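Analysis of the macromolecular model
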Amino acid sequence: QVQLVESGGGLVQPGGSLRLSCAASGYIFSIYAMDWYRQAPGKQRELVAVISSRSNTNYASSVKGRFAIARDNAKSTLYLQMNSLKPEDTAVYYCHSRIGVNDYWGQGTQVTVSS
């Protein structure tokens, strides 16, 4: 079955960096677009970044220029490099893929930006 497992979250100071990973299994990773979402306490889940099967990328305006989404099809792994982190980036980060009519989510990884 499809599984998405995130890792790499943690506590970081403002201005710091983190790299999130999402290991995918149970499907042909390379042919599907992948996304990163995040959800802060008391807020709706929001789309952060998208990467197509051809590695075309798109970003939310709030993270453009600071975050970079990438994929390694040989490892079936999705990444999110987060630089110049701000307290408002604090959230649970989820990887996501839509396969056919089904949405698949990872369990999430907590990112906390605080001094």
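Our subject is the structure that appears above.
These lines cover the structure that appears in this document, whether it is placed above or below. Since the model is a prediction, treat every value here as computed from it, not as a measurement.

Focus: the environment of V101
Topologically, V101 is positioned in the loop between β9 (91-99) and β10 (102-105). Measuring from C-alpha to C-alpha, the distance between V101 and A33 comes to 13 Å, with 68 residues separating the pair along the chain.

Regarding unusual backbone geometry
You will see that S76, though not glycine, has its phi angle at about 50°, which is positive. Along the chain, S76 falls in the loop between β7 (67-72) and β8 (77-82). A positive phi angle is found at S84, which is not glycine, with a value near 50°. With respect to the secondary-structure elements, S84 resides in the loop between β8 and β9. Residue class for S84 comes out partly exposed when judged on its relative accessible area of 42%.

Comments concerning the state of the cysteines
In total, this model carries one disulfide according to the counting rule given. Across the disulfide, C22 is cross-linked to C95 (sulfur-sulfur distance 2.0 Å). Here the disulfide of C22 and C95 is right-handed, its torsion about the S-S bond being about 55°. Of this pair, C22 sits in strand β3 (residues 18-25) while C95 sits in strand β9, and the two are 73 residues apart along the sequence.

Some words on the pairing of β10
Where β9 lies against β10, four bridges are found, and the strand directions are antiparallel. When the sheet's bridge partners are listed, I99 is paired in β10 with N102. What sits between β9 and β10 in their antiparallel hairpin is a turn of two residues, with G100 showing a positive phi close to 65°.

Rules used throughout
- Residues numbered from 1 in each chain as written.
- Predicted model: local features only at pLDDT ≥ 70, side-chain atom pairs only at ≥ 80, totals over all residues.
- Heavy atoms only, no water.
- Helix = DSSP H or I, 4+ residues; strand = E, 2+ residues; numbered from the N terminus.
- Buried < 20%, exposed > 50% of the residue type's maximum accessible area, 1.4 Å probe, protein only.
- Disulfide = S-S within 2.5 Å.
- Pairing = 2+ DSSP bridges.

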